[in-house]
Amino acid sequence: MKSFSFIRCFLTVWCLLGAAVGNAQAEWAELMKDDDITYVWDKDSVRAVHVSRIAWTMTLVTAKGVKAPNGEEYQSSMARWRINCKTDSFVKLSESFYAKPDGKGREVAFYESADWRPRDAAIRPGSYLSLLKKQICTNADS
């Protein structure tokens, strides 16, 4: 009888957690769009770390045959960035490539920066990262 109560309790908790996770949706906003590619960012993912901001972006690819670093085709990717608001630079912390649009389907490849301090790169004017910086660093102490 105890095992039946435990299973019932476990299933109840599992269903409640599933409902909570199912309702959690990112609020994606468009950064840049053209015929073959769209860049969006998750407003809820932004975290302040001193003069830097951590944020997620998603790239949606409409062109056929676009390949991930491992050679497999993908339709979307999600990347986590550290944007330095003061030095106008960035580091890509991680990126996952997905077989389907909107970060869905099978993860076909991924990239993560090394644990040791990666080098920052300059944000190029007119890029989607410059638009992201403008969105997330407007209230930064720079």
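Before going further, it helps to spend a moment on the overall build of the chain. Along the chain, the regular secondary structure elements total two helices and eight strands. When its helices and strands are written in sequence order, the chain yields α-β-β-β-β-β-β-β-β-α. Taking all 142 residues of the chain together, 37% fall into the buried category. Look at the contacts in the chain between residues 6 or more apart in sequence, and 49% of them connect residues 24 or more apart. As displayed, the chain offers around 9700 Å² of accessible surface, 55% of which is attributable to carbon and sulfur atoms.

As a further point, take the side chain of N84. Looking at the secondary structure, you find N84 in strand β5 (residues 76-84). N84 sits in the buried class, given a relative accessible area of 13%. A polar contact of 3.0 Å, which involves the side chain of N84, links it to the backbone nitrogen of T87. When neighbours within four sequence positions are excluded, N84 is seen to be in contact with V51, S52, S89, D120 and K133.

Residues at a pLDDT of 70 or more form 77% of the chain, whose mean pLDDT is 83. Confidence drops under a pLDDT of 50 for residues 3-24, and excluding neighbours within four residues, the segment shows zero contacts in the predicted structure.

Applying the stated criterion across every chain yields a total of one disulfide. Paired by a disulfide, C85 and C137 hold their sulfur atoms 1.9 Å apart. Residues C85 and C137 are joined by a disulfide whose S-S torsion is about -65°; by sign, that bridge is left-handed. Of the two residues, C85 is situated in the loop between β5 and β6 (89-100) and C137 in the segment after α2 (128-136); the sequence distance between them amounts to 52 residues. Accessibility assignment for this pair places C85 and C137 in one class, buried.

Conventions we followed
Residues numbered from 1 in each chain as written. Predicted model: local features only at pLDDT ≥ 70, side-chain atom pairs only at ≥ 80, totals over all residues. Heavy atoms only, no water. Helix = DSSP H or I, 4+ residues; strand = E, 2+ residues; numbered from the N terminus. Buried < 20%, exposed > 50% of the residue type's maximum accessible area, 1.4 Å probe, protein only. Contact = heavy atoms within 4.5 Å. Areas by Shrake-Rupley, 256 points an atom, 1.4 Å probe, with all protein chains shown as cover. Polar contact = N/O pair within 3.5 Å; in protein donor to acceptor, adjacent residues only side chain to side chain. pLDDT = per-residue confidence, 0-100. Disulfide = S-S within 2.5 Å.

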